[in-house]
Amino acid sequence: MKKWEENIRKVEPYVPGEQPQKKVIKLNTNENPYPPAPGVAKALNSMDTDELRKYPDPTSESLVCEMAKFYGVKKEQVFVGVGSDDVLAMSFLTFFNSGKPILFPDLTYSFYKVWAELFGIPYECPKLDKDFRIQRQDYYKENGGIIFPNPNAPTGIYENLDFVEDILKHNEDVIVIVDEAYIDFAGPSAVLLLEKYDNLLVVQTFSKARSMAGMRIGYAIGNERLIRYLNDVKYSFNSYTMSRAALLAGVESVRDRSYFEKTTEEIIKTREWAKGEFLRLGFSFPDSKANFLFVTHPDHEAKEIFEKLKECDVYVRYFGGERTGRYLRVSIGTKEEMEKLFDALGRILTR
Ligand SMILES: *Cc1c(COP(=O)(O)O)cnc(C)c1O
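Draft legend 1. The pairing of strand E11 (residues 327-331), seen in detail. For E11, the buried fraction is high: five of the five residues fall into the buried class. Residues of E11 alternate between two faces, with Tyr-327, Arg-329 and Ser-331 on one and Leu-328 and Val-330 on the opposite face, all of them buried. Summarising the sheet, strand E9 (residues 292-296) and E11 pair through five bridges and their orientation is antiparallel. Paired with Phe-292 across the bridge in E11 is Ser-331.

So this is what it looks like as structure tokens:
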């Protein structure tokens, strides 16, 4: 090792899913198969590019107000960032400073561990049970904060609000973050609990149900004080997180509630149909309420299916690992894309 290398921060980074340059059936990163709301294209096409000379609004007021209206909260309760990854990282930095271990499930969004390591936050990972369910009692012990996705990733399992509230009731002295990246495909949001719990932060994203992973918009909704603390950290870091394009596109997306509801409904319908198809082929899976299924086959290695699907230009996600090595995570595409997936799977499994 070179002398200068001794004092460099060394981290094990998050590994994002592949973004192949060729055209494939892409079911590997939980993107939405439908385009963003039509108003988004209109807004971007008519964007006044001369304005790009100037910095964007550091407060992201237009988008924050639109979101506040959508969720029926005050604008002081909304924080926006460059994808929910940015919002979550900022939240770790802002809220998890007690020195006590924060808690998140052993099988979950793998970025949590990466941020905890990066920021030097101690953490513990209670094990999901054999059915991949979060055990609420594991979160009753003393801790420095809690984060879990609902629905969880990569299982897709959704827990109802009684479950979320139970965890909140046992943790009134720390910040509890519910990562609701997939909530629109699932059920009621913990936003409904905000009035009762001032230590709750709900984080959501435009990347999944709003079809805008490429635009990078995420947000947090919580008590005004929490949001103020988040903004203080943001302004200590980068004042101009949201580009002019992101603000324009984001506002248009939120305004079109009916398109959002229609496309989300379509994905849910395709997901429920896909469950039957996977069963027919001999797969099993937790009952996902997200826009993906976490599937396993008793007679075939997941890694092998993954590689053979890739040869057919169908991309799904394979994580490997001790508890997940026999599973594939398959995002829900359009009905046509899913039909091609099942054709390919049919051929692969009978070969
Ligand atoms: C996709 C995802 C995110 C991050 O989404 P962004 O694209 O950064 O908004 C966060 N948490 C979970 C659980 C996710 O699946």
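Still to come is the rest of the account.
Draft legend 2. How the structure looks around the side chain of Glu-165. You can see Glu-165 is positioned in helix H5 (residues 161-169). Since its relative accessible area comes to 11%, Glu-165 is described here as buried. Within the structure, Glu-165 has its side chain in polar contact with the side chain of Lys-196 (distance 2.7 Å). Within the structure, the side chain of Glu-165 is placed 2.7 Å from the side chain of Tyr-197, a separation counted as a polar contact.

Draft legend 3. Structural view of the layout of surface pockets. As a volume, the largest pocket reaches approximately 1,300 Å³. Within the residue set of the lining of the largest pocket, elements represented by two or more residues are helix H3 (83-95) and helix H4 (111-119). Considering each element in turn, the lining of the largest pocket owes the most residues, four residues, to H4. Residue composition of the lining of the largest pocket, by class: 19 nonpolar, 13 polar and 15 charged. In this structure, the lining of the largest pocket is formed jointly by two domains, domain 1 (3-35 + 258-349) and domain 2 (38-256), each of which donates at least three residues.

Draft legend 4. Spatial organisation of the nonpolar core. By size, the foremost hydrophobic cluster in this structure holds 83 residues, and its most contacted members are Leu-63, Leu-200, Phe-278, Leu-309, Val-330, Leu-341 and Leu-345. It is helix H10 (residues 335-350) that contributes the most residues to this core, seven residues altogether. Per-domain counts for this core show at least three residues from each of domain 1 (3-35 + 258-349) and domain 2 (38-256). For Val-330, the contacting residues outside a window of four places in its chain are Leu-27, Phe-278, Asn-291, Phe-292, Leu-293, Val-295, Val-316, Met-338 and Leu-341. Counting residues in hydrophobic clusters, the runner-up holds 25 residues, among them Ile-102, Ile-147, Leu-226 and Leu-230.

Draft legend 5. A look at the site of the ligand. Around the ligand, the surrounding shell consists of Gly-83, Ser-84, Asp-85, Leu-88, Tyr-109, Asp-179, Ala-181, Tyr-182, Thr-205, Ser-207, Lys-208 and Arg-216. Within the side chain of Ser-207, one N or O atom sits 2.6 Å away from an oxygen atom of the ligand. With respect to the ligand, the side chain of Lys-208 contributes an N or O atom lying 3.0 Å from an oxygen atom. Bound to the protein, the ligand loses 93% of the 390 Å² it would expose on its own. Judged by its atoms lying within 2 Å of the grid points, the ligand is housed in the largest pocket. If you tally residues by element for the shell around the ligand, the top one is H3, at four residues.

Draft legend 6. Layout of the pattern of salt bridges. Inspection of every chain in the model, using the stated rule, returns 29 salt bridges. Across the pair Arg-216 and Asp-85 runs a salt bridge whose closest N-O atoms are separated by 3.9 Å. Here the residue Arg-216 occupies a position in the loop between strand E7 (200-205) and strand E8 (218-222), and Asp-85 occupies one in helix H3, the gap between them amounting to 131 residues. A relative accessible area of 30% places Arg-216 in the partly exposed class. Its salt-bridge partner being Arg-323, residue Asp-106 comes within 3.1 Å of it at the nearest N-O pair. Taken together, the residues Asp-106 in the loop between strand E3 (102-103) and H4 and Arg-323 in the loop between strand E10 (314-315) and E11 connect sequence positions 217 residues apart. According to the relative accessible area criterion, Arg-323 is partly exposed, its value standing at 27%. A network of salt bridges, in which partner residues are shared, links Arg-271, Glu-272, Lys-275, Asp-287 and Lys-289.

Draft legend 7. How the structure looks around the packing of aromatic side chains. The final tally for this structure, using the stated rule, is 25 aromatic pairs. With 4.3 Å between their ring centres and 10 degrees between their planes, Tyr-14 and Phe-111 make a pair best called stacked. Of this pair, Tyr-14 sits in the segment before strand E1 (25-26) while Phe-111 sits in helix H4, and the two are 97 residues apart along the sequence. Between Tyr-109 and Trp-115 the ring centres are 6.5 Å apart and the planes differ by 70 degrees, which places this aromatic pair in the edge-to-face class. Following the ring pairs from residue to residue traces out a cluster consisting of Tyr-14, Phe-92, Phe-96, Phe-104, Tyr-109, Phe-111, Tyr-112, Trp-115 and Tyr-123. Note that Arg-210 overlies the ring of Phe-206, its terminal NZ or CZ placed 5.5 Å from the centroid. The ring of Trp-273 carries the charged tip of Lys-335 above its face, separated from the ring centre by 4.7 Å.

Parameters at a glance
Counting restarts for each chain, with residues numbered from 1 along the sequence as it is written. Local features are withheld for residues below a pLDDT of 70 in this predicted model, meaning they are given only at 70 or higher, and side-chain atom pairs are given and counted only at 80 or more; totals for whole chains, interfaces and linings count all residues. Calculation of side-chain values draws on the structure's entire complement of heavy atoms; hydrogens and water are dropped beforehand. Burial classes follow relative accessibility: with a 1.4 Å probe on protein chains only, a residue under 20% of its type's maximum area counts as buried, one over 50% as exposed, and anything between as partly exposed. By the criteria applied, helices consist of DSSP H or I runs no shorter than four residues and strands consist of E runs no shorter than two, each listed in order from the N terminus. Strands pair, by our definition, only if DSSP identifies at least two bridges between them. Side-chain atoms alone can form a polar contact between residues adjacent in sequence; in general such a contact is a pair of N or O atoms within 3.5 Å, and within protein one must be able to donate a hydrogen while the other accepts it. Lining residues are defined by having an atom within 4 Å of a point belonging to a cavity or pocket. Those points lie on a 1 Å grid over the protein atoms alone, cavities being sets where a 1.4 Å probe fits but cannot get out and pockets being open sets with protein on both sides within 12 Å along at least five of seven lines. Grid points are joined across faces, edges and corners, and a volume is the space filled by probe spheres set on the points. Basically, the charged four are Asp, Glu, Lys and Arg, the nonpolar ten are Ala, Val, Leu, Ile, Met, Phe, Trp, Tyr, Cys and Pro, and anything else, Gly included, counts as polar. Start and end positions for the domains come from either an automated domain assignment or a database one. Residues belong to one nonpolar core when they are buried, are Ala, Val, Leu, Ile, Met, Phe, Trp, Tyr or Cys, and are joined through side-chain atoms within 4.5 Å. Throughout, a residue-residue contact means that at least one pair of heavy atoms, one from each residue, lies within 4.5 Å. Note on terminology: near, applied to a residue and a molecule or strand, indicates that one of the residue's heavy atoms is within 4 Å of it. Note that accessible areas follow from Shrake-Rupley with a 1.4 Å probe, and for residues the cover is restricted to the protein chains shown. Any molecule with more than half of its atoms within 2 Å of a cavity's or pocket's grid points is regarded as sitting in that cavity or pocket. In the sections that follow, a salt bridge refers to a side-chain nitrogen of Lys or Arg positioned within 4 Å of a carboxyl oxygen of Asp or Glu. Pairing of aromatic side chains requires ring centres within 6.5 Å, counting the rings of Phe and Tyr and the six-membered ring of Trp. Pairs whose planes differ by under 30 degrees are stacked, by over 60 edge-to-face, and all others tilted. When the NZ atom of lysine or the CZ atom of arginine is within 6 Å of a ring's centre and also within 35 degrees of its normal, the charge is said to sit over that ring.

Remember that the coordinates give geometry; whether it matters functionally is a separate question.
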